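# Results of the structural survey
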Amino acid sequence: MSQPAHRDIAAILVTALRRLGKAGDAETAMKLGGEAWWAFQNDGDADSAEAVNKVMHYLARLLPAPGQKT
């Protein structure tokens, strides 16, 4: 798949991951984001991997602190 296509997919994915996190399932969003990051990185698309990495940092702030009840 071409890099521009990856970027389009990454933009859609980032939006979906943010929405999933805001809806209260940041943990699942983080897991999916990690898989997507690995796939983009493994395919040599550093820009798309970085876009996913940024949203994962956002999602990390939505996760409960260790020991905090959900």
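Okay, so let's go over this structure. Model, not experiment: these values are computed from the prediction. Sequence positions are assigned chain by chain, starting from 1 and proceeding in written order. Where local features are concerned, this predicted model is filtered to residues with pLDDT of at least 70; where side-chain atom pairs are given and counted, the filter is 80 or more; whole-chain, interface and lining totals use all residues. Excluded from the side-chain calculations are hydrogens and water; all other atoms, namely the structure's heavy atoms, are used.

### Focus: the environment of Asp25
Tracing the sequence through the fold places Asp25 in the loop between α1 (3-22) and α2 (26-42). A sequence separation of 37 residues divides Asp25 from Leu62, and the C-alpha atoms of the two residues are 8.9 Å apart. The way it works is that DSSP assigns letters per residue, a run of H or I at least four long becomes a helix, a run of E at least two long becomes a strand, and they are numbered from the N terminus.

### Focus on the environment of Ala60
With respect to the helices, strands and loops of the structure, Ala60 is situated in helix α3 (residues 46-62). Ala60 sits 57 residues away from Gln3 along the chain, and the two C-alpha atoms are 27 Å apart.

### Details of the nonpolar core
Residues grouped as a nonpolar core are buried Ala, Val, Leu, Ile, Met, Phe, Trp, Tyr and Cys residues, joined through side-chain atoms within 4.5 Å. Between buried and exposed lies partly exposed: a residue is buried under 20% and exposed over 50% of the maximum accessible area for its type, with that area taken using a 1.4 Å probe on protein chains only. The biggest cluster of nonpolar side chains holds twelve residues, and these are Ala10, Val14, Leu17, Ala29, Ala36, Phe40, Ala49, Val52, Val55, Met56, Tyr58 and Leu59. Within the residue set of this core, elements represented by two or more residues are α1, α2 and α3. Tallying contributions element by element places α3 first for this core, with six residues. We call two residues contacting when some pair of their heavy atoms lies within 4.5 Å. Setting aside anything within four residues of it in sequence, one finds Val52 in contact with Leu13, Val14, Gly33, Ala36, Trp37 and Phe40.

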